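Structure assessment
Here is how the chains run, residue by residue.
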There are 2 protein chains.
Amino acid sequence: MSGGPEIEQLIQLLARLPGLGPRSARRAVLHMIKKKEQLMLPLSAALDRAVAAVRTCEICGNVDTASPCSICSDPRRGESGILIVVEDVSDLWALERAGAGQVRYHVLGGVLSPLDGIGPDDLNLDSLARRAGDYSEIVLAMNATVDGQTTAHYITDRLGPGAKVTRLAHGVPIGGELDYLDEGTLSQALRARTQI
Amino acid sequence: MSGGPEIEQLIQLLARLPGLGPRSARRAVLHMIKKKEQLMLPLSAALDRAVAAVRTCEICGNVDTASPCSICSDPRRGESGILIVVEDVSDLWALERAGAGQVRYHVLGGVLSPLDGIGPDDLNLDSLARRAGDYSEIVLAMNATVDGQTTAHYITDRLGPGAKVTRLAHGVPIGGELDYLDEGTLSQALRARTQI
Ligand SMILES: [Zn+2]
Ligand SMILES: [Zn+2]
């Protein structure tokens, strides 16, 4: 072990982030230390600030620094009448980057997965049922996985025939995850959404 | 932009670490936020502690939480009489992981590079010349790059014929960087070092 316990612990924690392993975490920490003033100190301060500021939106489940989040508290976002249901906050952010427009979101916090023991009560489905009546269209933007599509069917059944439920257009690759798509494909898939 | 300014700033700073880009930094931050108690808070605390603790060793240039570093202040490390000269702290750590043994190090802080305007005065060469007399063997463990080998020649000339100067054995791939080598190759290259 090199660098002392404080540095070693920082490396071990960084290595738990997606996309980083032990080796890249070590490189990242050495890079930080070399750029202590320009990078390590600002990063430390930014992380402290983010820890203090981060909130989960009580309405939609988005991650922001206020609750309700900036999307839920923006009245223009309600005018389209469109509510997009996503599995995860990363999908919400991906749709925002793709220019989804003046829409609102609902973050399920996962998908139904009997194998993993994840049932309806583990997802934000009751709050979706409560919100759905305020919107003229519910866009299901689940990942194109078996569990994602199972979840979409469950929601369609639960919301009943009174709701206009659509899904993203084909274009999302089978087995693919929204967050990895290029923004053009994702934007097109949203525009060409079809009624279920 | 999603997530508020504090989160956005954290993403931008993380994206400046080697191995992370804007997309992976965003995923890393969302992962952190989801695991706020288990990961984000400990990481924030670990980074604060590392910032406060980190020191550059006044003798060898290693990064540690004390100066002189744990290697320079360990008397057993001096008994072999071997001083290994490396470009960078990451190379020192790589050699330690490879089990270099009871040796000491000298971190140059780079290599001579006329194209980049890096000359002898920009590296820790004067302090190397002062330390060299205390060691029976100076192992030059530069990267197998043109600049690395130029630097090795410069050091050999500067230390003069009185010093026993060796280099790592061939086995380091041409153009390769020490920090990316597997530990077995690196360990073997060190054992089979040859006199220059
Ligand atoms: Zn919200
Ligand atoms: Zn030292």
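Residues numbered from 1 in each chain as written. Chains lettered and ligands numbered in written order. Predicted model: local features only at pLDDT ≥ 70, side-chain atom pairs only at ≥ 80, totals over all residues. Heavy atoms only, no water.

1. Here we look at the coordination of the zinc ion (ligand 1)
All names here are of chain A.
- Bound to the zinc ion (ligand 1) on the protein side are Cys57 (SG), Cys60 (SG), Cys69 (SG) and Cys72 (SG), at distances that span 2.3 Å.
- One can describe the donor arrangement at the zinc ion (ligand 1) as tetrahedral, given that its four donor atoms subtend angles of 103 to 116 degrees at the metal.
- As a motif over one chain, the donors of the zinc ion (ligand 1) read C-x2-C-x8-C-x2-C.
- The buried category is assigned to Cys57, whose relative accessible area is 3%. (Donors = N, O, S within 2.8 Å, 3.2 Å for Na, K, Ca; no water. Tetrahedral: all angles 85-135°; square planar, octahedral: opposite > 155°, others 65-115°. Buried < 20%, exposed > 50% of the residue type's maximum accessible area, 1.4 Å probe, protein only.)

2. Describing the UniProt feature "zinc finger region: C4-type" (unreviewed entry) in chain A
- Mapped onto this numbering, the UniProt entry gives "zinc finger region: C4-type" (unreviewed entry) at residues 57–72 of chain A.
- Across residues 57–72 of chain A, helical content stands at 0% and strand content at 12%; the span's end C-alpha atoms are separated by 8 Å. (UniProt positions renumbered as here; feature names shortened; annotations may be inferred. Helix = DSSP H or I, 4+ residues; strand = E, 2+ residues; numbered from the N terminus.)

3. Here we look at the nonpolar core
- Among the nonpolar cores identified, the biggest contains 95 residues, and Leu10, Leu14 and Ile84 of chain A together with Leu10, Leu14 and Ile84 of chain B are the most heavily contacted of them.
- Discounting chain neighbours no more than four positions away, the residues touching Leu14 of chain A are Leu20, Ala25, Ala28, Val29 and Met32 of chain A together with Leu43 of chain B. (Core = buried A, V, L, I, M, F, W, Y, C linked by side-chain atoms within 4.5 Å. Contact = heavy atoms within 4.5 Å.)

4. Structural notes on the pairing of strand β4 (residues 104–107) of chain B
All names here are of chain B.
- Here β4 shows no split at all, with Arg104 and His106 on one side and Tyr105 and Val107 on the other all buried.
- Sheet analysis places strand β3 (residues 82–86) next to β4, joined by four bridges and oriented parallel. Bridge pairing in β4 places Val86 opposite Val107. (Pairing = 2+ DSSP bridges.)

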